[in-house]
Amino acid sequence: MIYNGQEIMLSEQITLEQFLVTKNYDILKIAIELNSQIIPKTQYGQVVLNNTDKLEVVSFVGGG
């Protein structure tokens, strides 16, 4: 799988939500693009990742 521009191998089936938790993301502060499509937060638990996917995680940063 391509994750934020780097190739990684998934060792097992994992949902998008499980993957994000393992990477310590705050679900409320990110947006997901999977295979060129934006994934709604409500679907994170249903989407199963595989090694042919391209995943981009964008974090929102506050500031001023």
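Above: the structure in question.
Figured I'd write up the structure that's included with this text. (Residues numbered from 1 in each chain as written. Predicted model: local features only at pLDDT ≥ 70, side-chain atom pairs only at ≥ 80, totals over all residues. Heavy atoms only, no water.)

So, the pairing of strand E4 (residues 30-34)
Okay, so step 1: Alternating positions in E4 separate cleanly, Ile30, Ile32 and Leu34 being buried on one face and Ala31 and Glu33 remaining unburied on the opposite face.
Okay, so step 2: In this structure, E4 lies alongside strand E7 (residues 54-59), joined through five bridges in antiparallel fashion. For Ala31, the partnering residue across the bridge sits in E7 and is Val58.
Okay, so step 3: As defined by bridge partners, E4 adjoins strand E5 (residues 37-39) across three bridges and the pair is classed as antiparallel. Paired with Leu34 across the bridge in E5 is Gln37.
Okay, so step 4: Between E4 and E5, which pair antiparallel and follow one another directly, the connecting turn spans two residues, one of which, Asn35, has a positive phi of 50°. (Buried < 20%, exposed > 50% of the residue type's maximum accessible area, 1.4 Å probe, protein only. Helix = DSSP H or I, 4+ residues; strand = E, 2+ residues; numbered from the N terminus. Pairing = 2+ DSSP bridges.)

Considering the side chain of Asp53
Okay, so step 1: Position of Asp53 among the secondary structure elements: in the loop between strand E6 (48-49) and E7.
Okay, so step 2: Buried Asp53, no salt bridge; nearest opposite-charge side chain is Lys54, N-O distance 12 Å.
Okay, so step 3: Here the side chain of Asp53 touches Asn50 through a polar contact of 2.8 Å, landing on its backbone nitrogen.
Okay, so step 4: Filtering out sequence-adjacent residues up to four positions away, Asp53 remains in contact with Met1, Ile2, Leu34, Asn35 and Val48. (Lys, Arg positive; Asp, Glu negative; His and termini not counted. Salt bridge = Lys/Arg side-chain N within 4 Å of Asp/Glu carboxyl O. Polar contact = N/O pair within 3.5 Å; in protein donor to acceptor, adjacent residues only side chain to side chain. Contact = heavy atoms within 4.5 Å.)

Examining the nonpolar core
Okay, so step 1: Among the nonpolar cores identified, the biggest contains 16 residues, and Leu16, Phe19, Leu20, Ile32, Leu49 and Leu55 are the most heavily contacted of them.
Okay, so step 2: Put simply, the parts of the chain that give this core at least two residues each are helix H1 (16-22), E4 and E7. (Core = buried A, V, L, I, M, F, W, Y, C linked by side-chain atoms within 4.5 Å.)

Some points on the packing of aromatic side chains
Okay, so step 1: Inspection of every chain in the model, using the stated rule, returns one aromatic pair.
Okay, so step 2: Relative to Phe19, the ring of Tyr3 has its centre 5.1 Å away and its plane inclined at 85°; by these criteria the two rings are edge-to-face. Placement of Tyr3 in strand E1 (residues 2-3) and of Phe19 in helix H1 is noted, with a sequence separation of 16 residues between them.
Okay, so step 3: With a relative accessible area of 12%, Tyr3 lands in the buried category.
Okay, so step 4: The exposure class of Phe19 is buried, given its relative accessible area of 4%. (Phe/Tyr/Trp six-rings, centres within 6.5 Å; stacked < 30°, edge-to-face > 60°.)

Side note on the sheet that holds strand E2 (residues 6-7)
Okay, so step 1: Taking strand neighbours across the sheet as the criterion, the five strands line up as E2-E1-E7-E4-E5 in an open arrangement whose pairing is mixed. Two strands in the sheet have a free side with no partner beyond their single neighbour: E2 and E5.
Okay, so step 2: Inspection of the sheet shows E1 paired to E2 by two bridges, in the antiparallel sense. Following the sheet pairing, Ile2 is matched in E2 by Glu7.

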